[in-house]
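# Overview (structure and organization)
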Amino acid sequence: MSPTRTWNPHAAGGAAAPVQASALLLTETERQPNGPRPLLQGLTEPELALVMAKGQRRVLYRGTTLFSQDTPHDGIWLVETGRMRVFYTAPSGREITLAYWYPGNFVGGPEVFGNGVHSWSGMAASNATVLHLPGKALQGLVAQIPALALGVIEGLSFKGKCYSALAQMLGTRSITERLAHLLLHLADLYGVEEEDGTVIAATFTHADLAHMVGATRQWVTISLKRLAAQGIVVARRSQIVILRPDLLARMRGGEEAA
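The notes below deal with the structure included here. Here the structure is a predicted model, which means the values were calculated and not measured. The residue numbering used here restarts from 1 in each chain and proceeds along that chain's sequence as written. For a predicted model such as this one, the threshold for reporting local features is a pLDDT of at least 70, and the threshold for listing and counting side-chain atom pairs is 80 or more; totals across whole chains, interfaces and linings nevertheless cover every residue. Just so you know, side-chain values use all the structure's heavy atoms and leave hydrogens and water out.

## Side note on helix α4 (residues 175–190)
The first and last C-alpha atoms of α4 sit 22 Å apart over 16 residues, in line with the 22 Å expected at 1.5 Å per residue. Using a 1.4 Å probe on the protein chains alone, a residue whose accessible area is under 20% of its type maximum counts as buried, one over 50% counts as exposed, and one in between counts as partly exposed. Only runs of H or I of at least four residues qualify as helices and only runs of E of at least two qualify as strands under DSSP, and these elements are numbered from the N terminus. In terms of burial, α4 is largely enclosed, as 13 of its 16 residues are buried. Take the residue count of a helix, subtract one, and multiply by 1.5 Å to get its expected span.

Put into structure tokens, the structure is as follows:
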């Protein structure tokens, strides 16, 4: 599989330059073949330099909270390196994860130009670097740079699909169906084809998967072992290989695999 192109904002000369991210060596730049387009895709070097000049970079250690639900909203954060987790915490303390966002994606919507409060929380799922673009600055930039405006619109559209998929999954599927649906979704976003199946080439712990389907970590561990015994998946620590997507599709549709 051919490599994808991502933007390296730390390239020499101050302006971002395209770099190659291997499809098989996925570390801090795990790829999303069918995920949202990178926010800065299509910008010229002068436009990239203008965006960088308006932003303020932050370095986050794993577990650091970037923004919290019910706190004031101001602009967005462009993920430069690492991985960000966006989630909601109920009054009971239970959490549900909306999505994980990678380099090139942005977090902090939907009110990208400021005002209001955050509906979700954002936390660094690994050591990360983000570029904060305040609402007023971003509003001025999208008026000047059509490619950036397109990136914001497409990013918000993709996030809307995530909200819709989460609501449908939680409202209409059993926990087993949710797990099957999630594994197929992750394979679609991060899948790398190998001889024996599709590798989900992004690191997700059993706790991560549990937060995304509304279950316990123990339940996910037991369920993955059951799926492995049936020859549907292979679980290698935090990496999962999908062997029988057809059987997962049956489970997602309400039929348990025999």
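## Concerning the pattern of salt bridges
Salt bridge criterion: a side-chain nitrogen from Lys or Arg within 4 Å of a carboxyl oxygen from Asp or Glu. Counted by the stated rule, this structure contains 4 salt bridges. In this structure, E80 engages R57 in a salt bridge whose closest nitrogen and oxygen atoms are separated by 2.6 Å. Placement of E80 in strand β5 (residues 76–81) and of R57 in strand β3 (residues 56–60) is noted, with a sequence separation of 23 residues between them. One salt bridge in this structure joins E95 and R85, with 2.7 Å as the shortest N-O distance. Of the two residues, E95 sits in strand β7 (residues 95–101) while R85 sits in strand β6 (residues 84–89), which places them 10 residues apart along the sequence.

## Details of the packing of aromatic side chains
Aromatic pairs are defined between Phe, Tyr and Trp rings, using the six-membered ring for Trp, whenever the two ring centres lie within 6.5 Å; interplanar angles under 30 degrees are classed as stacked, those over 60 as edge-to-face, and all others as tilted. In this structure the tally under the stated criterion is 7 aromatic pairs. For the pair Y88 and W120, a centre-to-centre distance of 6.3 Å together with 75 degrees between the ring planes defines the contact as edge-to-face. A residue pair is termed long-range when its members are at least 10 positions apart, and Y88 in strand β6 and W120 in the loop between β8 (106–107) and β9 (121–124) qualify at 32 residues. Overall, the relative accessible area of 34% leaves Y88 in the partly exposed class. With a relative accessible area of 14%, W120 lands in the buried category. A centroid spacing of 5.7 Å and a plane angle of 50 degrees characterise the contact between Y190 and F204, whose relative ring orientation is tilted. Separated by 14 residues along the polypeptide, Y190 in helix α4 and F204 in the loop between β12 (197–200) and α5 (206–213) bring together distant segments of the chain. Like F204, Y190 is buried. Among the aromatic residues, those joined into a cluster by ring pairs are Y100, Y102, Y190 and F204. Throughout this description, the term charge over a ring refers to an Arg CZ or Lys NZ atom that lies within 6 Å of the ring centre and within 35 degrees of the ring normal. One residue, R83, lies across the ring of F204, its end atom 5.1 Å from the ring centre.

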